[in-house]
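# Examining the three-dimensional arrangement
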Amino acid sequence: MKKYYCLVIALFWGLTCGLLSVNAFAATDEQSIAKVLNNFHQAAANAQAKPYFNLLSQDAVFLGTDASERWSKEQFKTFVVPYFSKGKGWLYTPIERNITVIKAGQVAFFDELLFSDSYGTCRGSGVLIKTTQGWKISQYNLSIPMPNGLAKALVKQIKAFEQPK
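Below you will find a few notes about this structure. Only a predicted model underlies this, so the values are computations on that prediction, with no experimental measurement involved. (Residues numbered from 1 in each chain as written. Predicted model: local features only at pLDDT ≥ 70, side-chain atom pairs only at ≥ 80, totals over all residues. Heavy atoms only, no water.)

### Re the overall build of the protein chain
What counts here: Only DSSP runs of H or I with at least four residues qualify as helices, and only runs of E with at least two residues qualify as strands; both kinds are numbered from the N terminus onward. The buried label goes to any residue with under 20% of its type's maximum accessible area, the exposed label to any with over 50%, and the partly exposed label to all in between, with areas taken from a 1.4 Å probe on protein chains only. The criterion used for residue contact is that any of the two residues' heavy atoms lie within 4.5 Å. Where accessible areas are quoted, they stem from the Shrake-Rupley method and a 1.4 Å probe; at the residue level, only the protein chains shown are allowed to cover.
Along its length, the protein chain carries four helices and six strands. Taken from the N to the C terminus, the helices and strands of the protein chain come in the order α-α-β-β-α-β-β-β-β-α. Taken over 165 residues, the protein chain has a buried fraction of 27%. Expressed as a percentage of contacts within the protein chain between residues at least 6 apart in sequence, the contacts between residues at least 24 apart total 46%. When the accessible surface of the protein chain is summed, it comes to about 11,300 Å², and 60% of that surface belongs to carbon and sulfur atoms.

### Describing the layout of surface pockets
To be explicit about the condition: Here a cavity means grid points, on a 1 Å grid over the protein atoms only, where a 1.4 Å probe fits yet cannot get out; a pocket means an open set of points with protein on both sides within 12 Å along at least five of seven lines; lining residues are those with an atom within 4 Å of a point. Grid points are joined across faces, edges and corners, and a volume is the space filled by probe spheres set on the points. By the convention adopted, Pro, Cys, Tyr, Trp, Phe, Met, Ile, Leu, Val and Ala count as nonpolar, Lys, Arg, Asp and Glu as charged, and the other residues, Gly among them, as polar.
For the largest pocket, the calculated volume is near 480 Å³. As for the largest pocket, its lining consists of 23 residues, and the residues nearest its centre are Phe 79, Trp 90, Tyr 92, Tyr 119 and Leu 142. Secondary-structure elements contributing two or more residues to the lining of the largest pocket are α1 (2-45), α3 (73-85) and β6 (134-143). For the lining of the largest pocket, the per-class residue count stands at 14 nonpolar, six polar and three charged. Lining of the second largest pocket is provided by Thr 65, Asp 66, Ala 67, Ile 144, Pro 145, Met 146, Pro 147, Leu 154, Ile 158, Phe 161 and Glu 162. Considering only residue class, the lining of the second largest pocket consists of eight nonpolar, one polar and two charged.

### What to know about the environment of Ala 49
You can see Ala 49 is positioned in helix α2 (residues 49-54). Measuring from C-alpha to C-alpha, the distance between Ala 49 and Phe 84 comes to 6.4 Å, with 35 residues separating the pair along the chain.

### Structural notes on unusual backbone geometry
For Ala 47, which is not glycine, the phi torsion reads 55° and is therefore positive. For Ala 47, the location among the structural elements is in the loop between α1 and α2. By relative accessible area, Ala 47 is classed as buried at 12%.

### Focus on the side chain of Ser 138
Within the secondary structure, Ser 138 is located in strand β6. With residues up to four places along the chain from it excluded, the contact list for Ser 138 reads Ser 57, Asp 59, Ala 60, Val 61, Val 127, Leu 128 and Ile 129.

### Comments concerning the sheet that holds strand β1 (residues 56-63)
Rules: For two strands to count as paired, DSSP must find a minimum of two bridges between them. For helices, the fitted axis covers only the stretch in contact; all axes are lines through C-alpha atoms, and the angles between them, taken along N-to-C directions, range from 0 to 180 degrees.
With respect to topology, six strands assemble into an open sheet ordered β2-β1-β6-β5-β4-β3, the strand pairing being mixed. Only two strands of the sheet have a single partner each, and these edge strands are β2 (70-72) and β3 (93-102). Averaged over all pairs of adjacent strands, the angle between their axes in this sheet comes to 15°, without regard to strand direction. As paired strands, β1 and β6 are joined by four bridges and run parallel to one another. Across the sheet, residue Val 61 finds its bridge partner in β6, namely Gln 139.

### Focus on α3
Test applied: The span expected for a helix works out to 1.5 Å for each residue beyond the first. Note that the bend at a residue is defined as the angle between axes fitted to the seven residues ending at it and the seven residues starting at it.
Its 13 residues place the ends of α3 17 Å apart at the C-alpha level, agreeing with the 18 Å of an ideal helix rising 1.5 Å per residue. If you look at α3, its biggest bend is around 35°, right at Phe 79, and the proline Pro 82 turns up within four residues after that. Those residues of α3 lying buried are Lys 73, Phe 76, Val 80 and Phe 84. Looking one or two residues past α3, Gly 87 carries a phi angle of roughly 80°, positive in sign.

### Some thoughts on the environment of Ser 72
Position of Ser 72 relative to the elements: it lies in strand β2. A relative accessible area of 30% means that Ser 72 is categorised as partly exposed. Separated by 10 residues in sequence, Ser 72 and Phe 62 place their C-alpha atoms 6.4 Å apart.

Honestly, that's just the spatial picture; any functional story needs more than this.
Rendered as structure tokens:
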């Protein structure tokens, strides 16, 4: 009977330690991911192309606020570098952020509310992958959330704008 109690205690202790270590890894991953996203926004604010693009995976996709803006990393560089080379960056300040790590700690997705002097409240969302160089942004989607009370009027304006002329 004593062996049975020792076995139960050992199993309980092992499971507890295992769960605590998984939670510790998840917290560490979330902190690392938050740092990547913060550095991404800061590099853009400082118009620093190299650190900005080093935070993107090789096959990254950037989705901008315009429906036509779906860029590969190289296409996005072509768009961004002329601004950065003139010292023109942009700052999106995170207000709120949610991060979820999945697939054995190798993939994460996030959403964040941001504030921009130019565009007001924005939303960033996307996917990060864990690489040998650390977490990299694989997809970033920047959008401007539309208040429901303005939706019908704004959609009407968008439809009129998109009409062939």
